[in-house]
Amino acid sequence: MTQELKEIAQGLKAFLLNAEEDEIILKAALNQEKAAFNSMKTRANETADKNAGEVLRRETASAAQTAPIPAKEQEKSAEIMTQNTQKTETQISNAPADKAAEIAYIADMIKNCQRCDLGKTRIKAVPGEGNINAKIMFVGEGPGYEEDRQGRPFVGRAGQLLDKIIAAMGFSREEVFIANIVKCHPMVDPSNPDKRSNDRAPKSDEIAVCRRYLEQQIKTISPDYVVALGGVAAKTLISEVQPFGSVRGKIFDLKLSCVTLDKPVKILATFHPAALLRNPGWKKDAWENLKVLLADMGRKPASK
Ligand code: URA
């Protein structure tokens with residue numbers, strides 16, 4: 001068996017072993033969050049209703065009596081009602097929206113994950129970050145040295161280039177969501193995490209156990225577009241079999257393996273920013289790829 005076939009078989013095995021368990025854990029966790037949020041919302045509404053009811057009761061009672069409610073009491077009722085309405089509104093706006101709670105919950109699961117060996121050697125897991133209502137998600141390969149230390153995606157040299165790419169497309173980093181295929185730093189020599197240039201591509205079994213986190217993030221954020229940065233992201237999210245060169249720059253419908261999307265999402269692959277740093281001549285092609293996506297969105301690039 002070739003090394004590649006062996007890796008695919010290992011990945012498949014890990015995927016099958018974890019699929020059912022993960023699905024149950026994630027669903028239960030998300031349901032718990034939703035139930036907590038809904039009961040908080042109901043309680044907040046009940047408080048508002050109770051206060052409104054009390055004012056109504058007093059008004060009805062006073063209307064039944066011929067004597068009008070003293071102005072002072074009326075003022076007090078109005079004040080209480082305003083205060084309670086404000087309190088209720090604050091309670092609701094401070095409560096996590098379902099989406100934010102889901103994204104936070106997935107991030108917590110990732111930070112506690114020990115499903116593969118990367119969990120043993122990571123310094124910090126890197127769940128991803130950005131706008132939970134983003135129209136575009138950028139997906140890289142996996143955290144590197146700097147990301148492992150900061151727990152944030154694309155914060156090293158490749159990240160600086162990605163920021164420029166995002167800006168040239170007419171977006172800010174805060175408007176998009178940035179994530180990776182695997183959430184922990186894959187190292188060539190895991191016994192030496194302080195070594196530089198110790199990064200490697202994630203293995204199939206690592207991708208197989210980790211991809212459900214990304215897939216759930218995509219489902220929850222529900223962007224219109226995903227940009228797969230580099231061959232690993234393209235292979236994982238577009239096609240296991242088609243070479244990177246033949247999928248790059250084309251728009252596909254995103255198909256996920258662990259979750260069902262609530263709406264169609266499009267995906268386009270281009271070069272990874274780290275590859276562009278190594279091969280600056282490819283930047284022009286990457287830009288052509290991204291212009292395909294911008295045209296599909298009906299947007300004009302901010303600059304070249
Ligand atoms: N490369 C990636 O693929 N992801 C990061 O977060 C950083 C570098």
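Let us look at the structure shown here. None of these values were measured; they are calculated from a predicted model.

## Thoughts on the site of the ligand
Taken together, Gly-140, Glu-141, Gly-142, Glu-147, Pro-153, Phe-154, Asn-180 and His-272 form the complete shell of residues around the ligand. In this structure, an oxygen atom belonging to the ligand sits 2.7 Å away from a main-chain N or O atom of Glu-141. A distance of 2.7 Å separates a nitrogen atom of the ligand from a polar atom in the side chain of Asn-180. Protein burial of the ligand: of its 240 Å² of free accessible surface, 92% is covered by the chains. Grouping the constituent residues of the shell around the ligand by class yields two nonpolar, four polar and two charged.

## A closer look at the pairing of strand β4 (residues 225-229)
Counting buried residues in β4 gives five out of five residues, a clear majority hidden from the surface. Of the two faces of β4, the one holding Tyr-225, Val-227 and Leu-229 and the one holding Val-226 and Ala-228 are both buried throughout. Two elements, strand β2 (residues 136-140) and β4, share four bridges in a ladder whose sense is parallel. Counted as the bridge partner of Val-139 is Ala-228 from β4.

## Examining the nonpolar core
Formed by 38 residues in total, the largest nonpolar core has its most connected members in Ile-181, Leu-214, Val-226, Leu-237 and Leu-254. Going through the elements one at a time, α3 (98-111), β2, β3 (177-180), α7 (204-221), β4, α8 (231-237) and β6 (266-270) are the ones with two or more residues in this core. It is α7 that provides the largest number of residues to this core, a total of seven residues. With residues near it in sequence (within four places) discarded, Leu-214 still touches Met-137, Val-139, Ala-179, Asn-180, Ile-181, Lys-183 and Leu-237. Counting residues in hydrophobic clusters, the runner-up holds 24 residues, among them Ala-158, Leu-162, Leu-229 and Leu-294.

The rules behind these values
Residues numbered from 1 in each chain as written. Predicted model: local features only at pLDDT ≥ 70, side-chain atom pairs only at ≥ 80, totals over all residues. Heavy atoms only, no water. Near = heavy atom within 4 Å. Polar contact = N/O pair within 3.5 Å; in protein donor to acceptor, adjacent residues only side chain to side chain. Areas by Shrake-Rupley, 256 points an atom, 1.4 Å probe, with all protein chains shown as cover. Nonpolar A, V, L, I, M, F, W, Y, C, P; charged D, E, K, R; others polar. Buried < 20%, exposed > 50% of the residue type's maximum accessible area, 1.4 Å probe, protein only. Helix = DSSP H or I, 4+ residues; strand = E, 2+ residues; numbered from the N terminus. Pairing = 2+ DSSP bridges. Core = buried A, V, L, I, M, F, W, Y, C linked by side-chain atoms within 4.5 Å. Contact = heavy atoms within 4.5 Å.

Remember that the coordinates give geometry; whether it matters functionally is a separate question.
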